[in-house]
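# Close look at the chain arrangement
Next come the chains, spelled out residue by residue.
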Amino acid sequence: MPKTKPTPELPSNDLILAAIERAVCHRDRDEPESLSYIKEHLGLPHTGWTTQQLRPKLEALEVAGLIEQSRIRSRPVWGLTAKGRRRLDAVRDTLTLPEAPQHRIWREARATASDRIAGLRADLRGTLDEAVELLEAERDANSASWFEFSERLHKDGQQLATAIHCLREWAEPDDSKADTDKPPYRQASRRRIRG
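Figured I'd write up the structure that's included with this text. Quantities reported herein were computed from a predicted structural model and do not represent experimental measurements. Every residue gets a number counted from 1 within its own chain, in the order that chain's sequence is written. Only residues with pLDDT of 70 or above have their local features reported here, since the model is predicted, and side-chain atom pairs are shown and tallied only from 80 upward, although totals for entire chains, interfaces and linings are computed over all residues. Neither water nor hydrogens contribute to the side-chain values; these are computed over all heavy atoms in the structure.

The subject of this paragraph is the overall build of the protein. In terms of regular secondary structure, the protein is built from six helices and three strands. Beginning at the N terminus, the succession of helices and strands in the protein can be written as α-β-α-α-β-β-α-α-α. Residue exposure (1.4 Å probe, protein chains only): buried if accessible area is under 20% of the type maximum, exposed if over 50%, otherwise partly exposed. Here the protein holds 195 residues, and the buried ones make up 35% of them. Note on contacts: a residue pair qualifies if any of its non-hydrogen atoms lie within 4.5 Å across the two residues. Taking all contacts inside the protein whose residues are at least 6 apart in sequence as the whole, residues at least 24 apart take part in 63%. Using a 1.4 Å probe, the Shrake-Rupley method yields the accessible areas, and only the shown protein chains count as cover for residues. Accessible surface computed for the protein: about 12,700 Å², of which carbon and sulfur atoms make up 49%. Think of it this way: any DSSP run of H or I at least four residues long counts as a helix, any run of E at least two long counts as a strand, and we number them from the N terminus.

See the structure below:
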């Protein structure tokens, strides 16, 4: 018989207020936030069950005047009201939110980079060795070989650069603001270190 996952504990109303505030803050824009992103900040799974359980709590917070619902591109979003901010300020020291999504992404990217950097260096070293062989086979190497090879060299170099960025240059995100650090090159992505 398959094991069933434990039912997640529903957060308190005050924790929901804190999650809404942090979700809005971490998006680096002063707009209300979607339920799926609020669930991430509460550490809840993206399931229909959690949505069904949270909706009555959101409705109660809205009736109490602590949050307000609006729509962005036809999607419902929620934000704190002035009354909700005052309530949150009064209880903030008693609340502990789960790890923020931006911090989890940073932590996981660092762990992946740490695990993979030796292999990435070896991959690039091997690719460079092949480049030397291709250069020495001057007459036998055609343009198609070089075009194919340049793609590999580019990919291997980007992978290593991304790992170095994750390990040495990407500062740990602070919960009080959005993590706006970007890798130095547009095409690089900290989430794309391949295993």
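Quick look at the pattern of salt bridges now. Any Lys or Arg side-chain nitrogen found within 4 Å of a carboxyl oxygen on Asp or Glu counts as a salt bridge. Considering all chains together, one arrives at 11 salt bridges under this definition. The closest approach of N and O atoms between Asp14 and Arg87, which form a salt bridge, is 2.6 Å. In this pair, Asp14 sits in helix H1 (residues 13-26) while Arg87 sits in helix H4 (residues 82-91), placing the two residues 73 residues apart along the sequence. Looking at Arg87, the relative accessible area reads 36%, which means it is partly exposed. With its nearest N and O atoms 2.6 Å apart, the salt bridge here joins Arg92 to Glu21. Note that Arg92 is positioned in the loop between H4 and helix H5 (101-136) and Glu21 in helix H1, a separation of 71 residues in sequence.

A few words on the environment of Glu31. By the secondary structure assignment, Glu31 is in the loop between H1 and strand E1 (33-34). Residues Glu31 and Gly79, 48 residues apart in the sequence, show an inter-C-alpha distance of 7.3 Å. Excluding residues that lie within four positions of it along the chain, Glu31 makes contacts with Val24 and Ile72.

Pairing between strands requires that DSSP locate at least two bridges from one strand to the other. Inspection of the sheet shows E1 paired to strand E3 (residues 75-80) by two bridges, in the antiparallel sense. Bridge pairing in E3 links Ser34 to Val77. Alignment of strand E2 (residues 67-72) against E3, held across six bridges, turns out to be antiparallel. Paired with Glu68 across the two strands is Gly79, which belongs to E3. Hairpin connection of E2 to E3: two residues between the antiparallel strands, including Arg73 at a positive phi of 50°.

So, about the nonpolar core. Ile20, Leu42 and Ile67 are the most contacted members of the largest nonpolar core, which totals 20 residues. Those elements that place two or more of their residues in this core are H1, helix H2 (35-42), helix H3 (48-63) and E3. At seven residues, the largest contribution of residues to this core is made by H1. Excluding residues within four positions of it along the chain, Ile20 makes contact with Ile38, Leu58, Ile67, Trp78, Gly79 and Leu80. Among the buried residues, those of types Ala, Val, Leu, Ile, Met, Phe, Trp, Tyr and Cys that are joined through side-chain atoms within 4.5 Å form a nonpolar core.

Another point: the packing of H2 against H3. Between N-to-C directions, angles cover 0 to 180 degrees, with each direction set by a line fitted to C-alpha atoms, over the stretch in contact for helices. Packing of H2 against H3 leaves a shortest axis separation of 12 Å and a crossing angle of 95°. Classified by the interaxial angle, the pair formed by H2 and H3 is roughly perpendicular. Contacts between H2 and H3 involve Leu35, Lys39 and Leu42 from the former and Thr50, Thr51, Leu54, Arg55 and Leu58 from the latter. Charged means Asp, Glu, Lys or Arg here, nonpolar means Ala, Val, Leu, Ile, Met, Phe, Trp, Tyr, Cys or Pro, and polar covers whatever is left, Gly included. Among the residues forming the contact of H2 with H3, the class breakdown is four nonpolar, two polar and two charged. Each angle is binned into one of four classes, with values under 35 degrees roughly parallel, values over 145 roughly antiparallel, values of 65 to 115 roughly perpendicular, and all other values oblique.

Glancing now at the packing of aromatic side chains. Pairing of aromatic rings covers Phe, Tyr and the six-membered ring of Trp, with a centre-to-centre limit of 6.5 Å; geometry is then stacked below 30 degrees between planes, edge-to-face above 60, and tilted otherwise. Scanning the model with the defined rule gives one aromatic pair in all. Here Trp146 and Phe149 contribute two aromatic rings whose centre-to-centre distance is 5.8 Å and whose plane-to-plane angle is 85°, an arrangement assigned as edge-to-face. In this pair, Trp146 and Phe149 both sit in helix H6 (residues 143-169), three residues apart, roughly one turn of the helix. The ring of Tyr37 carries the charged tip of Arg27 above its face, separated from the ring centre by 3.6 Å. Here, a charge over a ring means that NZ of Lys or CZ of Arg falls within 6 Å of the ring centre while also lying within 35 degrees of the ring normal.

Here we come to the side chain of His26. On the secondary structure map, His26 appears in helix H1. Residue His26 is classed as buried on the basis of its relative accessible area, which comes to 6%. Setting aside chain neighbours within four positions, we find His26 in contact with Tyr37, His41, Ala100, Gln102, Asp174, Asp175, Lys177 and Ala178.

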